[in-house]
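# Structural overview for review
Chain by chain, the residues run as shown.
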Amino acid sequence: MAEPTTTASTAEPSEDTKDTEHTDAPEQPLELQLERFRRELTGYCYRMLGSVFEAEDAVQETMVRAWRGHQRFEGRSSLRSWLYRIATNVCLDALKGRSNRARPMDLGGPVTVATASDAILPEVTWIGPVPDGRVVAEAADPAEVAAQRESVRLAFIAALQRLAPRQRAVLILREVLGWHAGEVAELLDSSTASVNSALQRARSTLAACEPADTDPVRPLDQEQAALLARYVRAFENYDMEGLVLLLHEDAVLSMPPFAMWLRGQQEICGWMLGPGHGCRGSRLIPVVANGAPAFGQYRPAPDGGYAPWALQVLEISAGRIVGLNSFLDTDVLFPLFGLPPRLEQDGTGQQG
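Just so we're clear, the structure is a prediction, and the values are computed from it rather than from any experiment.

### Here's the deal with the state of the cysteines
- What the rule picks out here adds up to zero disulfides.
- Free of any disulfide, Cys 45 has its nearest neighbouring cysteine sulfur in Cys 91, separated by 3.6 Å.

Here is the structure:
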């Protein structure tokens, strides 16, 4: 499988290029100067922390610190570099003394339908999904957008969480954002040699865990669009034979906050026809999460219509679905993704 950093290095322009694009404008109010960096900082903090909610809190703290300390900013570096220094310190502080976020597949082996348990772990255990619009910058170059999506894949975010915090920061800054070693050393108050050493250790760790190589969402890709249309048709009709044709033989199903996960076409279908049979008759609304195709899933409600059940994030490789990740905390995820709190019987959304 491909190492996740091979394409990530083009996910953001280099420091020099970015400074050209975002030349500091002293005539602008400070709030506007800071605000234009919010999305890319959110992406950076999300890669560091594994939670969009923690990332947005970290960015807000970064903005507050920048506002309070702006008079001390001497302009020896760009405003962007200074904000990344603050954001890095905020994230490193947040990561002190806590366990890394993970996916169910990182915490234990697969179960079968017969051995599955209903053990639930708290929210802080899990890597959470993120809407592309919160972390992927708009760009005219489709290749740049694809590279940014590659760098927020669930598998890549999970791999990053295996790194020590400073190694994580070094790898993101160097491989994802394209900073030079000297720039990273200055940001971390370190040496270039130390940064290069940390990068090598981070690369070795990622190579050892070998995160899955999956395809980003491609809105103009007719083959991928056809696959997703077949998936929606099979899932909404609860056609398990049709679903099996779309799944890789080693596809996995996970459902945070449940700790268990399943592997294989038959186990996944067995789950859906057994403990998961309440999903029969569901409706799906397409969104994009972590650079991948995703759906808001609504199950039939006892009083009619459809109620939120899960945010599904699909992982696709070579024209097959290799991962079906259902995040069940719809109370916070559906508003985050702009999904309605209910669907009526005709499939229209009810606004909150």
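### Details of the pairing of strand S4 (residues 292-300)
- In terms of burial, S4 is largely enclosed, as eight of its nine residues are buried.
- Looking at chain direction, strand S3 (residues 283-289) and S4 are connected through seven bridges and run antiparallel. Residue Val 287 lies in a different strand from S4, and its bridge partner there is Ala 294.
- The hairpin turn running from S3 into S4, its antiparallel successor, is two residues long, and Asn 290 in that turn takes a positive phi close to 50°.
- As paired elements, S4 and strand S5 (residues 306-317) share seven bridges and run antiparallel to each other. Each residue of the ladder has a partner; that of Ala 294, found in S5, is Val 313.
- Here S4 folds back onto S5, and the loop between the two strands holds five residues, one of which, Gly 304, carries a positive phi near 95°.

### Here we look at the confidence of the model for the protein
- For the protein, the average pLDDT comes to 90, and 89% of its residues sit at 70 or higher.
- Low pLDDT (under 50) marks residues 1-25, which in the prediction has 67 contacts with non-local residues, meaning those over four places away or in another chain.

### Concerning the nonpolar core
- With 71 residues, the main nonpolar core has Tyr 44, Met 48 and Leu 311 as its most contacted residues.
- Here this core takes ten residues from helix H6 (residues 79-95), the largest share from any one element.
- Once residues within four sequence positions are removed from consideration, Leu 311 is found in contact with Pro 129, Val 287, Phe 295, Gly 296, Asn 325, Ser 326, Phe 327, Leu 333, Phe 334, Phe 337 and Leu 339.

The rules behind these values
Along each chain, residue indices are assigned from 1 in the same order as the chain's sequence is written. Local features in this predicted model are restricted to residues of pLDDT 70 or higher, and side-chain atom pairs are both shown and tallied only at a pLDDT of 80 or more, whereas totals for entire chains, interfaces and linings draw on every residue. Side-chain measures were taken over the full set of non-hydrogen atoms in the model, leaving aside hydrogen atoms and water. Here, a disulfide means two cysteine sulfur atoms that sit within 2.5 Å of each other. To sort residues, take the accessible area from a 1.4 Å probe on protein chains only and compare it with the maximum for the residue type: under 20% means buried, over 50% means exposed, and anything in between is partly exposed. Every helix listed is a DSSP run of H or I at least four residues long, and every strand listed is a run of E at least two residues long, numbered separately from the N terminus. DSSP-based pairing: two strands are paired if at least 2 bridges between them are found. The pLDDT value tells you how sure the predictor is about a given residue, anywhere from 0 up to 100. The contact rule is simple, with two residues in contact once any of their heavy atoms fall within 4.5 Å. To form a nonpolar core, buried Ala, Val, Leu, Ile, Met, Phe, Trp, Tyr and Cys residues must be joined to one another through side-chain atoms within 4.5 Å.

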